[in-house]
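Reading the structure
Each chain, written out:
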Amino acid sequence: MIPPSRPMSYSRGELTTLVMPHMQNVLGDLFGGELMALVDQAAAVAAIRHAGGPAVTASIDRVDFRERIPVGALVTCIATVDYVGNSSMDITVEVFAETVASGERRHTHTAHVVFVAIDESGKPKRVPRLEPTTPEERERFERAREHREQADQVRAERVKRAARA
Ligand SMILES: CC(C)(COP(=O)(O)OP(=O)(O)OC[C@H]1O[C@@H](n2cnc3c(N)ncnc32)[C@H](O)[C@@H]1OP(=O)(O)O)[C@@H](O)C(=O)NCCC(=O)NCCS
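Reading guide: rules and limits
Residues numbered from 1 in each chain as written. Predicted model: local features only at pLDDT ≥ 70, side-chain atom pairs only at ≥ 80, totals over all residues. Near = placed C-beta within 6 Å. Helix = DSSP H or I, 4+ residues; strand = E, 2+ residues; numbered from the N terminus. Buried ≥ 20, exposed ≤ 12 C-beta atoms within 10 Å, placed from the backbone. Contact = placed C-beta atoms within 7 Å.

We now examine the site of the ligand. Neighbouring residues of the ligand: 14 residues in total, closest Ser-59, Gly-85, Asn-86, Ser-87 and Ser-88. Within the residue set of the shell around the ligand, elements represented by two or more residues are β3 (55-63) and β6 (105-117). When residues in the shell around the ligand are grouped by element, the largest group, four residues, is from β3.

Structure, rendered in structure tokens:
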């Protein structure tokens, strides 16, 4: 039985991976597409936990590649559901790279991903409301709500432009 609401902390997803040689680009660093896959997986963990069932990636809004991550580093993706609509969930994924020898851990990337919960026939399905409880969670919720409003406007403009073309 899926509850009507869930605390924000319930769905937090964390994924740690060793950057292996098959994941590198020509410079010997983690390939951008591999990083996107890790981000998507971490977001999926948070989404299906919150939804209590299957959910699909609707959009990956933004990934800022600020720093290169070398082969041999540990990469951790932490995903949180920061806002929900009816069936959609706005998820922030923070990426950290850790140098094993020194234990140094750096925040290297942030991504915003939208997942949509689906039913057995693949149609959008309502998700539980989100309950931010701490001041930090309430701040994240507000930030994500503003981000959602802006993203919806951009998407609506894009749809209008495509219809005119
Ligand atoms: C995502 C998907 C389920 C949406 O279905 P749809 O019938 O177009 O949905 P609707 O237009 O009724 O919108 C449903 C919700 O999705 C949101 N949504 C749809 N497309 C979106 C997009 N591109 N970005 C952000 N949110 C989106 C809507 O805002 C709406 O949110 P709400 O229910 O919280 O109000 C459908 O487009 C789909 O199955 N896409 C393919 C997904 C996929 O293959 N992903 C990669 C592999 S997991």
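Here the narrative resumes.
Another aspect to go through is the environment of Cys-77. Note on placement: Cys-77 falls in strand β4 (residues 74-84). Looking at Cys-77, the number of C-beta atoms within 10 Å reads 24, which means it is buried. C-alpha of Cys-77 to C-alpha of Leu-15: the two residues are 62 residues apart in sequence and 5.3 Å apart in space.

The next point concerns the environment of Arg-49. Among the structural elements, Arg-49 can be located in helix α1 (residues 32-51). Under the C-beta neighbour-count criterion, Arg-49 is labelled partly exposed, with 17 such atoms within 10 Å. Linking Arg-49 and Glu-131, residues 82 residues apart in sequence, is a C-alpha distance of 14 Å. Not counting chain neighbours up to four residues away, the residues in contact with Arg-49 comprise Tyr-10, Ser-11 and Gly-13.

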